[in-house]
Amino acid sequence: MKKKHYGILSLALASCLTTHAGNKRQYTDKPNVIFIYADDLGYGDLECYGAKNVQTPNVNRLASEGIRFTNAHATAATSTPSRYSLLTGEYAWRKPGTDVAAGNAGMIIRPEQYTMADMFKSSGYTTGAFGKWHLGLGDKTAQQDWNAPLSASLSDLGFDYSYIMAATADRVPCVFIENGQVANYDPSAPIEVSYIKNFPGEPTGKDNPELLYNLKPSHGHDMSIVNGISRIGYMKGGGKALWKDENIADSITAHAINFIKQHKDEPFFMYFATNDVHVPRFPHDRFRGKNKMGLRGDAIAQFDWSVGQLLETLDKMGLTQNTLIILSSDNGPVVDDGYDDQAEELLNGHEPTGGLRGGKYSAFEGGTRIPAIVHWPQAIQKPEVSDVLISQIDWLASLASLVDARIPKGSAPDSYNRLGNLLGQDKTDRPWVIEQASNHTLSVRTKEWKLIEGNDGPEMITWGPKIETGNSQTPLLYDMRQAGEKEDLATQYPEKVFELQRILRNVRNKTIQMK
Ligand code: NG6
Ligand code: CA
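## Notes on the overall build of the chain
At step 1: From N to C terminus, the chain includes eleven helices and 19 strands.
At step 2: By the compact-globule yardstick of 24 Å for 515 residues, the chain fits well, its C-alpha radius of gyration being 22 Å.
At step 3: In the chain, which comprises 515 residues, the share counted as buried stands at 62%.
At step 4: Nonlocal contacts in the chain, meaning residues at least 24 apart in sequence, comprise 73% of its contacts between residues at least 6 apart.
At step 5: For the chain, the exposed area adds up to about 19,700 Å²; of that, 50% sits on carbon and sulfur atoms.
At step 6: With 54 positive and 61 negative side-chain charges, the chain shows a separation of 5 Å between the mean positions of the two kinds.

## Let's talk about the side chain of threonine 253
At step 1: Of note, threonine 253 is situated in helix H6 (residues 248–262).
At step 2: Discounting residues that sit within four places of it in the chain, threonine 253 has contacts with Phe272, Trp305, Ser306 and Gln309.

## Observations regarding the site of ligand 1
At step 1: Around ligand 1 lies a shell of 20 residues, among which Ser79, Asp170, Arg171, Asp337 and Lys360 are the nearest.
At step 2: Taking lysine 132, its side chain carries an N or O atom lying 2.9 Å from an oxygen atom of ligand 1.
At step 3: Grouping the constituent residues of the shell around ligand 1 by class yields five nonpolar, eight polar and seven charged.

## Some thoughts on the coordination of the calcium ion (ligand 2)
At step 1: Every protein donor of the calcium ion (ligand 2) is accounted for by Asp39 (OD), Asp40 (OD), Asp330 (OD), Asp330 (OD) and Asn331 (OD1), and the metal-donor separations fall at 2.2 to 2.7 Å.
At step 2: Metal-centred angles of 51 to 174° between the six donor atoms at the calcium ion (ligand 2) mark the site as irregular.

## Topic: the domain arrangement of the chain
At step 1: Its domain assignment divides the chain into domain 1 (8–422) and domain 2 (433–509).
At step 2: Placing a centre on the C-alpha atoms of domain 1 and another on those of domain 2 gives a separation of 27 Å.
At step 3: The partner domain 2 presents 30 residues to the 34 residues of domain 1 that form the contact.
At step 4: Both faces considered, domain 1 and domain 2 share a buried interface measuring about 2,500 Å² in area, 55% of it formed by carbon and sulfur atoms.
At step 5: Here domain 1 is connected to domain 2 by five salt bridges.
At step 6: The residue glutamate 365 makes a salt bridge to arginine 445 at a minimum N-O spacing of 2.9 Å.
At step 7: Scanning the region where domain 1 abuts domain 2 turns up 18 residue pairs in polar contact (both at pLDDT 80 or more).
At step 8: Among the secondary structure elements, those contributing two or more residues to the side of domain 1 that touches domain 2 are strand S2 (67–73), helix H8 (365–368) and strand S15 (390–391).
At step 9: Looking at side-chain class alone, the side of domain 1 that touches domain 2 contains 14 nonpolar, ten polar and ten charged residues.

## What to know about the packing of helix H3 (residues 57–65) against helix H7 (residues 294–317)
At step 1: Relative to each other, H3 and H7 sit at 60°, their axes nearing to 7 Å. Taken together, the axes of H3 and H7 are oblique relative to one another. For the pair formed by H3 and H7, the contact residues are Pro57, Asn58, Val59, Arg61 and Leu62 on the first element and Phe303, Asp304, Trp305, Val307, Gly308, Leu311 and Asp315 on the second.
At step 2: Among the residues making up the contact of H3 with H7, the classes are represented as seven nonpolar, two polar and three charged.

## So, the confidence of the model for the chain
At step 1: Per-residue confidence for the chain averages 94 on the pLDDT scale, and 95% of its residues sit at or above 70.
At step 2: Of all the helices and strands in the chain, helix H2 (residues 24–27) carries the lowest mean pLDDT, 36, while strand S12 (residues 323–329) carries the highest, 99.
At step 3: For residues 7–28, every residue scores under 50 in pLDDT, and the model assigns this stretch 24 contacts once sequence neighbours within four places are set aside.

## Focus on unusual backbone geometry
At step 1: The peptide bond linking aspartate 276 to valine 277 adopts the cis configuration, its omega dihedral lying at 10°.
At step 2: Here valine 277 is to be found in the loop between strand S11 (268–273) and H7.
At step 3: Residues valine 279 and proline 280 are joined by a peptide bond in cis, for which omega reads -10°.
At step 4: Structurally, the position occupied by proline 280 is in the loop between S11 and H7.
At step 5: You will see that asparagine 227, though not glycine, has its phi angle at about 55°, which is positive.
At step 6: Relative to the assigned elements, asparagine 227 resides in the loop between strand S8 (225–226) and strand S9 (229–230).
At step 7: Judged by relative accessible area, asparagine 227 falls into the buried class, the value being 11%.
At step 8: Unusually for a residue other than glycine, tyrosine 361 sits at a positive phi of about 80°.
At step 9: In this fold, tyrosine 361 is placed in the loop between S12 and H8.
At step 10: Exposure remark for tyrosine 361: the relative accessible area of 10% places this residue in the buried category.

What counts, and at which threshold
Residues numbered from 1 in each chain as written. Chains lettered and ligands numbered in written order. Predicted model: local features only at pLDDT ≥ 70, side-chain atom pairs only at ≥ 80, totals over all residues. Heavy atoms only, no water. Helix = DSSP H or I, 4+ residues; strand = E, 2+ residues; numbered from the N terminus. Rg over C-alpha atoms; globule rule 2.2 N^0.38 Å. Buried < 20%, exposed > 50% of the residue type's maximum accessible area, 1.4 Å probe, protein only. Contact = heavy atoms within 4.5 Å. Areas by Shrake-Rupley, 256 points an atom, 1.4 Å probe, with all protein chains shown as cover. Lys, Arg positive; Asp, Glu negative; His and termini not counted. Charge placed at Lys NZ, Arg CZ, Asp CG, Glu CD. Near = heavy atom within 4 Å. Polar contact = N/O pair within 3.5 Å; in protein donor to acceptor, adjacent residues only side chain to side chain. Nonpolar A, V, L, I, M, F, W, Y, C, P; charged D, E, K, R; others polar. Donors = N, O, S within 2.8 Å, 3.2 Å for Na, K, Ca; no water. Tetrahedral: all angles 85-135°; square planar, octahedral: opposite > 155°, others 65-115°. Domains from an automatic or database assignment. Buried area = accessible area lost by both parts, 1.4 Å probe. Salt bridge = Lys/Arg side-chain N within 4 Å of Asp/Glu carboxyl O. Axes fitted to C-alpha atoms, helices over the stretch in contact; angles between N-to-C directions. Parallel < 35°, antiparallel > 145°, perpendicular 65-115°, else oblique. pLDDT = per-residue confidence, 0-100.

Encoded structure:
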């Protein structure tokens, strides 16, 4: 399947950029753009957001030189829908099949869709994706041949280069995919993947717990064993291509640094999605034991190290001034997400959500309020902390406006240009933000109020993590100026409930435009 071509404008720009070959920087003020997208990193997990038990000096630097947002929202409380929305500018709940993807899911964003990467490419950028993907690969679910170039991959979505994990570290296949093919492919160990049944003779966490020498599951995660850790799904083979969990951050970061070095003379867009701090948390030895929180804290420190490596590279290359970095997370935090890593026991008073209610998966703020820092020394001269209400859904259109890309009609339908918010020039709150819980319950929040729509789900997650979901048969209304999500005020303010329900209905039906 081939991509549509976006880009009469891009051709013009590209030629203008290349005419001055060798000295391109001088002729364009287009910043490099780097998204640093952490996994399951909570609102309270960074030192600059109040974390006490772990040091994050590199993220602190970004915050102290840029804008640190205190009211930023991911579009969903789990990874796949959040990433889908970020990269396409369309709410994931509009599109079936965007829930947490298996490692053998077919490519969820289809080649004909317009993506963030297409947008940058059409403006003359070189584009690269690194780390966690979790949006499917290949044309069809379960039909991939992992021993050959995949039938659909990130090059069909506008990425010039990619070095990614198909899904998550807790899902097979446990190999990196470079430009649509298994990296370090080992012909002596052909790869097979199934999410239905095991391959004859292959050990599993369930049947062979004695083989789990690195981490044991606390719930689920008892299928194929790779690197002494059992996962979700079954795989066979891989040989030398199999990753070692302790080296994942090193590997992703090294490839990203190479990309920066290779493209230092032209504008580049880099989607840098870390595996940290998702489970299985198994960071490198050099991060072990330096904080009070065990492996979860070590994974946060490793995340910070990756950020530091990118910054050091930019500094060395003289690129820091004109590189726009946006650091954020895909959804809220979870403590025990399925492995016995003592994250719960070792919190030592740390609050991953920074005191917000709920967490990953839930409709409460802990599910979708995330850290967000924007750093661009050339444009942001006055560092600040901003409580302006923003959502990741707008990042595509906002950055399109920054780089003069024209979004094709009908693409990125939910994304609005709010660049002024991101650069600290406009303090107007987004009039509303929509949040999606893992059971598809939607919430609408304004600066002052939040409504969680009524639904049939249980009050707590039933299958493992101890997290309040925010589910209730009747709609819940909270005054966000006061106590946050403590006291349901739906019966006191029926007109407010009605007003917010109307916004939600109109957004669902696309019968409302934001001013
Ligand atoms: C859940 C997994 C959890 C995590 C999550 C996706 C079990 C019991 N739990 O189903 O460990 O992988 O999916 O996380 O399997 S996300 O951040 O990628 O959305
Ligand atoms: Ca996540």
